[in-house]
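# Structural overview for review
Residue-level listing of the chains:
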Amino acid sequence: MEQQITRPYNRIDVADVLRGFAILGIIILHSIEHFNFYSFPEKVPYEWMKFTDKAIWDGLFFTFSGKAYAIFSLLFGFSFFIQYDNQLKRGKDFRLRFLWRMVLLFLIGQFNAAFFTAEILTMYAMIGVILPLCCKLSNRTITIIAIILILQPYDWGRIIYAILHPEYEIGPSLAGYYFGWAFEVQKNGTFWETVRMNLWEGQLANLTWALEHGRIPQTTALFLFGMLIGRKRYFLYNEKNEQLWLKALGIALICFFPLYGLYNMLPEFITHKPILEPLKLIIYSLRNLSFTVILVTGILLAFYRTKNRTFLMRLAPYGRMSLTNYIGQSIIGSLFFYHWGFEWGRYLGITYSFIFGIIFVIIQMLFCTWWLSKFKHGPFEWLWRKLTWIGTKH
């Protein structure tokens, strides 16, 4: 059985399953958020929906918020290594080509941003530059850089500054200002007004939110960790890797619960906001990272220990077309929930929006399975790949 599992394609399969799980979580979470347009009915149609609304909201945010994107980021770095390593084996240097690929991703992100406030492709394109810059470094050096970044050095600096300057007060959120602007356009604007807002204020809202909430250093670190996973072949099944992931699961479980409790109890002991807010952000980031490791190891161990992987493999086509699915959710989500479209947010509460998200994901999964039975790549994946290798016979 081990010989069958250790064939190269299985490593790619489990990465696609993880990617499919991540994009599923992202889209369902965006559905209950009304695709970053927090407009909901004033009243729920049935009394029992007050319970389901809260249970769905809290449950999905606990499971996926920050974690689905973290898995997506980890796999972004892993994918870079696969491409880099494949070209290296052919005697080619992929680094400049990857930078061109990031330029293309930035442009694709602009198209996606025209529909969806808070898209991530633009940020990925900018942060992705770190990968070709670091790919020649040793594993030890990359690990040190990633650990420093994951510990949120900027926010530790804020804490030290607040301790040394007790009079310091936190100013208003810049992201809040831009998202407030975005909300008004989402609520009242035409299609073209929404597009214009999304390409400027929406992008500024997204990037300033990422900066204020530690997403930029965290994402950079996860890119690097993903590259290391590729280097070390940790997604490849063998007994040594299985033991490694079991240890990672144990450590993540040991870390998660104290961090979860500490995050909730901090306001009882620290009242000075300039110290409390960055400290909460650091702990929240580490808590999310711990839970992300739990999710990743759980899926990996389930994949490698399950003889019949039919259920898990249903996520693989969905993961292979993650770019198409992500852009698809932006277009469809804005059409159904923003003012320029059907504005369903006025009628659909959290429970109904969750059902919408489930149906939407199922339709996407069926489409992906059908599409990949006829074509090798998804539509946007094909376009990105084609333009990446423009001018070559790749």
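Further up the page is the structure itself.
A few points on the structure. (Residues numbered from 1 in each chain as written. Predicted model: local features only at pLDDT ≥ 70, side-chain atom pairs only at ≥ 80, totals over all residues. Heavy atoms only, no water.)

## Quick word on the overall build of the protein
The following threshold applies: Strands are runs of DSSP state E lasting at least two residues, helices are runs of H or I lasting at least four, and both sets are numbered from the N terminus onward. Only C-alpha atoms enter the radius of gyration, while the globule expectation follows 2.2 Å times N to the 0.38, with N the number of residues. Relative accessible area decides the class of each residue, using a 1.4 Å probe on protein chains only: under 20% of the type maximum gives buried, over 50% gives exposed, and in between gives partly exposed.
Broken down by element type, the protein carries 19 helices and zero strands. Over its C-alpha trace the protein gives a radius of gyration of 21 Å, about what one expects of a compact globule, namely 21 Å for 394 residues. Taken along its principal axes, the extent of the C-alpha atoms in the protein is 55 × 55 × 45 Å. Counting only residues that meet the buried cut, the protein has 51% of its 394 residues in that class.

## Considering the packing of aromatic side chains
For any pair of aromatic rings, the description rests on two quantities: the centre-to-centre distance and the angle between the ring planes. Under the convention used in this document: Only rings of Phe, Tyr and Trp enter the pairing, Trp through its six-membered ring, and a pair is recorded when the two centres are within 6.5 Å. The plane angle decides the type: under 30 degrees is stacked, over 60 is edge-to-face, the rest tilted.
Inspection of the entire model under this criterion finds 48 aromatic pairs. Seen in terms of ring centroids, F256 and F291 are 5.2 Å apart; in terms of plane orientation they differ by 45 degrees. Their pairing is tilted. Of this pair, F256 sits in helix α13 (residues 239-269) while F291 is found in helix α14 (residues 273-305), placing the two residues 35 residues apart along the sequence. Accessibility classification places F256 together with F291 in one group, the buried group. Pairing F336 with F356 gives two aromatic rings, centres 5.6 Å apart and planes at 55 degrees, and the pair type is tilted.

## So, a nonpolar patch on the surface
Stated precisely, the cut-off is as follows: Like-charged residues are merged into a patch within 9 Å and nonpolar side chains (Val, Leu, Ile, Met, Phe, Trp, Tyr) within 5 Å, provided each residue has over 30% relative accessible area and no salt bridge. In short, Shrake-Rupley with a 1.4 Å probe defines the accessible areas, and a residue's cover is counted only from the protein chains shown. Salt bridge, as used here, is a side-chain nitrogen of Lys or Arg placed within 4 Å of a carboxyl oxygen of Asp or Glu.
Taken together, the side chains of W100, V103, F106, L107, M126, W382, L383, L387 and I390 define a hydrophobic patch exposed on the protein surface, amounting to about 800 Å² of accessible area. At the level of elements, α5 (95-113) and α19 (379-388) are the ones that each hand at least two residues to the nonpolar patch. Of the residues forming the nonpolar patch, the biggest block, four residues, is contributed by α5. Counting through the fold element by element, L383 comes out in helix α19. L383 sits in the partly exposed class, given a relative accessible area of 33%.

## Concerning unusual backbone geometry
At F35, a residue that is not glycine, the phi angle is positive and equals roughly 55 degrees. Within the fold, F35 resides in the loop between α2 (8-32) and α3 (49-64).

## Regarding the pattern of salt bridges
Counted according to the given criterion, the structure contains ten salt bridges. A salt bridge links E47 to K50, with the shortest nitrogen-to-oxygen separation between them at 3.0 Å. Look at E47 and you get exposed, because its relative accessible area is 58%. Between R233 and D85 there is a salt bridge, with its nearest N and O atoms 3.3 Å apart. In this pair, R233 sits in the loop between α12 (215-231) and α13 while D85 sits in helix α4 (residues 67-89), placing the two residues 148 residues apart along the sequence. With relative accessibility at 29%, the residue R233 sits in the partly exposed group. For D85, a relative accessible area of 13% gives the class buried.

## What to know about α12
Basically, it comes down to this: Helix span is expected to be 1.5 Å times the residue number reduced by one.
Over its 17 residues, α12 runs 24 Å from end to end, which matches the ideal 24 Å to within 8%, given 1.5 Å per residue. By the criterion of burial, α12 is predominantly enclosed, with 14 of the 17 residues buried. Of the residues flanking the end of α12, it is R233, one or two places downstream, whose phi is positive at about 60 degrees.

## Focus: the nonpolar core
Stated formally: By nonpolar core is meant a set of buried Ala, Val, Leu, Ile, Met, Phe, Trp, Tyr and Cys residues that side-chain atoms within 4.5 Å join together. Working rule for contacts: check all heavy atoms of both residues, and any pair within 4.5 Å makes them a contact.
In this structure, Y124, M227 and F235 are the most contacted members of the largest nonpolar core, which totals 96 residues. Beyond its immediate stretch of four places on either side in the chain, Y124 contacts Y69, F72, S73, F76, M102, L105, T219 and F223. Among the nonpolar cores identified, the runner-up in size contains ten residues, and A162, L266, I282 and I283 belong to it.

## Things to note about a positive patch on the surface
Basically, it comes down to this: Note that His is not counted, nor are the chain ends; the positive residues are Lys and Arg, and the negative ones are Asp and Glu. In this description, the location of a charge corresponds to atom NZ of lysine, CZ of arginine, CG of aspartate or CD of glutamate.
On the surface, R90, K92, R320, K376, R385 and K386 cluster together to form a positively charged patch. Within the element layout of this structure, K386 appears in helix α19.

## Some remarks on the packing of helix α10 (residues 174-188) against helix α11 (residues 191-212)
Just so we agree on the cut-off: The axes used here are C-alpha line fits, helices contributing only the stretch in contact, and every angle between their N-to-C directions lies in the interval 0 to 180 degrees. By definition in this entry, angles of less than 35 degrees are roughly parallel, angles greater than 145 are roughly antiparallel, angles of 65 to 115 are roughly perpendicular, and the rest are oblique. By convention the crossing between two helices is left-handed if the near helix lies anticlockwise of the far one by an angle smaller than a right angle, and right-handed if it lies clockwise.
One way to put it is that α10 packs onto α11 with a least axis distance of 8 Å and a crossing angle of 155 degrees. Relative to α11, the element α10 lies roughly antiparallel. α10 and α11 meet at a crossing whose hand is left-handed. Contacts between α10 and α11 pair L174, A175, Y178, F179, W181, A182, V185 and Q186 from the former with E193, T194, R196, M197, E201, L204, A205, N206, T208, W209 and E212 from the latter.

## Focus: the environment of G349
Position of G349 among the secondary structure elements: in the loop between α17 (322-337) and α18 (350-372). G349 gets classed as buried once you look at its relative accessible area, which sits at 16%. Residues G349 and Q110, spaced 239 residues apart in sequence, show a C-alpha to C-alpha distance of 30 Å. Beyond its immediate sequence surroundings of up to four residues, G349 is in contact with H34 and P41.

## Description of the environment of W156
Position of W156 relative to the elements: it lies in helix α9 (residues 153-164). Sequence separation between W156 and G357 is 201 residues; the distance between their C-alpha atoms is 38 Å. Aside from chain neighbours lying at most four places away, what touches W156 is L151, L279 and I282.

## Observations concerning the side chain of T194
Residue position: T194 is located in helix α11. We classify T194 as buried; its relative accessible area is 2%. When residues no more than four places from it in sequence are discounted, the contact partners of T194 are A114, V185, G189, Y338 and W340.

## Observations concerning the side chain of N36
Along the chain, the position of N36 falls in the loop between α2 and α3. Overall, N36 belongs to the buried group, its relative accessible area being 14%.

Nothing here speaks to function; it is geometry throughout.
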